[in-house]
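Here is what each chain is made of, one letter per residue.
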Amino acid sequence: MERSILFISKYPDIVEEFLSAMKGKDFSVDTASDGEEAWAKLSGKVYHVIVTGLVLDGYNGEQIVTRINETSPDTVCIIYTTTISAAQLHFFMNKRDVFRVFLRPVDFQTEFFQALEEAFLYHEVRLMNREEETEKNKEVAEEKAEREEGKRRK
């Protein structure tokens, strides 16, 4: 499956700067200019990485991140904003499992691109962990069923 990003920003110049910096990279990029457009795209596709601002028309960045946490927990979230309070930072990092927070301006081709590559790796780790957990739960359930069957036979 092709690696995918949803980049959400209400600023067209930032969207263009991001798209220009990501041109030729080995992942697809979809964009949304507001929370409602992002919400619609999230309803139709699962993304590996979401990059969102906090101040959006319609649904805000917090609502977008919360939805991702609830509906697509393997998707990695990055916040890209002008300002963020210490309380917000604590909330996003500890309660909403945000992978990175970047303050504008940032060079998309260097540190930000490196964070995207790390986010894709983190997404793969999340998927592997979920698969291992599912397999382990299946094994435990099978062992339990075997023990219960053995008790019934006695």
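Structural data are supplied above this passage.
Residues numbered from 1 in each chain as written. Predicted model: local features only at pLDDT ≥ 70, side-chain atom pairs only at ≥ 80, totals over all residues. Heavy atoms only, no water.

## Observations concerning the pattern of salt bridges
Here is step 1: Enumeration according to the criterion identifies seven salt bridges in this entry.
Here is step 2: Between Arg 3 and Glu 117 there is a salt bridge, with its nearest N and O atoms 3.2 Å apart. With a gap of 114 residues between them, Arg 3 in the segment before strand E1 (4-8) and Glu 117 in helix H5 (residues 108-153) connect regions that are remote in the sequence.
Here is step 3: The class of Glu 117 is partly exposed, set by a relative accessible area of 21%. (Salt bridge = Lys/Arg side-chain N within 4 Å of Asp/Glu carboxyl O. Helix = DSSP H or I, 4+ residues; strand = E, 2+ residues; numbered from the N terminus. Buried < 20%, exposed > 50% of the residue type's maximum accessible area, 1.4 Å probe, protein only.)

## What about helix H2 (residues 35-44)?
Here is step 1: Buried within H2 are the following residues: Gly 35, Ala 38 and Leu 42. For H2, the arc enclosing every buried residue in end-on projection is 60 degrees, short of the 170-degree limit, so these residues lie on one face. Opposite the buried face of H2, by more than 90 degrees, sit the exposed residues Glu 36, Ser 43 and Gly 44.
Here is step 2: In the core, the buried residues of H2 are packed alongside E1, strand E2 (28-32), strand E3 (49-52) and helix H3 (61-71).
Here is step 3: Of the residues that open H2, the one with a side-chain oxygen 3.0 Å from the backbone nitrogen of Glu 36 is Asp 34. (Arc of directions from axis to C-beta. Contact = heavy atoms within 4.5 Å. Polar contact = N/O pair within 3.5 Å; in protein donor to acceptor, adjacent residues only side chain to side chain.)

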